[in-house]
Amino acid sequence: MAQRSGTLLVPVPGLSGTVYPVGTRVAISGRGSSVDAFVGGDWLPLSWWEFAEGRNDDVYDGPAA
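J.: Please set out the overall build of the protein chain residue by residue, giving values where relevant.
T.: Scanning the protein chain from N- to C-terminus turns up 0 helices and 7 strands. Reading the protein chain from its N end, one meets helices and strands in the order β-β-β-β-β-β-β. A separation threshold of at least 6 residues defines the contact pool for the protein chain, and within that pool the share at least 24 residues apart is 48%. On the protein chain, roughly 4,000 Å² of surface is accessible, and the fraction owed to carbon and sulfur atoms is 56%.

Rendered as C-alpha cells:
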C-alpha cells in the first residue's frame, strides 16, 4: 500500500519515546480506524482522530537531525 502524508492533530508519542507536537508531518501507511505513521523512522501508531490526511507546508516537521 502506498504511503500518504498527514499532519498530527494532537501530540503523539513515538516508539522512541519522543512526543511529536501538533502539526508534525507524518508518513502514513494503512487504512481504517488505526494506521501506522512514521517520522524520520520513528513509528507512531495512530487512531483516525489523531491525524489529518494531506500536507500543509506551514507545520512543524519534527526535530532537526
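Picking up after the structure, the text goes on.
J.: Break down the pattern of salt bridges for me, citing the residues and quoting the values.
T.: In total, this model carries 1 salt bridge according to the counting rule given. For Glu-53, the salt bridge identified is with Arg-4, shortest N-O distance 2.5 Å. Within this pair, whereas Glu-53 is found in strand β7 (residues 51-53), its partner Arg-4 is found in strand β1 (residues 4-8), the two being separated by 49 residues in sequence.

J.: Tell me what's going on with the sheet that holds β7, and back it up with residues and numbers.
T.: Within a beta sheet, neighbouring strands are joined by backbone hydrogen bonds and run either parallel or antiparallel to one another. Taken in spatial order, the 5 strands make up an open sheet running β6-β5-β4-β1-β7, and their pairing is antiparallel. Each having just a single partner strand, β6 (42-47) and β7 make up the two edges of the open sheet. Taking the axes of each pair of neighbouring strands and ignoring which way they run, one obtains an average angle of 40° across the sheet. As judged from the 6 bridges shared by strand β5 (residues 34-39) and β6, these two strands associate in the antiparallel manner. The residue bridging Phe-38 from the neighbouring strand is Trp-43, located in β6.

J.: Quick rundown of the nonpolar core? Include the residues and the values.
T.: Grouped together as the largest cluster of nonpolar side chains are 11 residues: Leu-8, Val-12, Tyr-20, Val-26, Ile-28, Val-35, Ala-37, Val-39, Leu-44, Leu-46 and Phe-51. Mapped by element, the contributors of at least two residues to this core are β4 (25-29), β5 and β6. Once you skip the residues sitting within four places of it in the chain, Val-35 turns out to touch Ile-28, Ser-29, Gly-30, Leu-44, Pro-45, Leu-46 and Phe-51.

Rules behind the numbers
- Residues numbered from 1 in each chain as written.
- Predicted model: local features only at pLDDT ≥ 70, side-chain atom pairs only at ≥ 80, totals over all residues.
- Heavy atoms only, no water.
- Helix = DSSP H or I, 4+ residues; strand = E, 2+ residues; numbered from the N terminus.
- Contact = heavy atoms within 4.5 Å.
- Areas by Shrake-Rupley, 256 points an atom, 1.4 Å probe, with all protein chains shown as cover.
- Salt bridge = Lys/Arg side-chain N within 4 Å of Asp/Glu carboxyl O.
- Pairing = 2+ DSSP bridges.
- Axes fitted to C-alpha atoms, helices over the stretch in contact; angles between N-to-C directions.
- Core = buried A, V, L, I, M, F, W, Y, C linked by side-chain atoms within 4.5 Å.
- Buried < 20%, exposed > 50% of the residue type's maximum accessible area, 1.4 Å probe, protein only.

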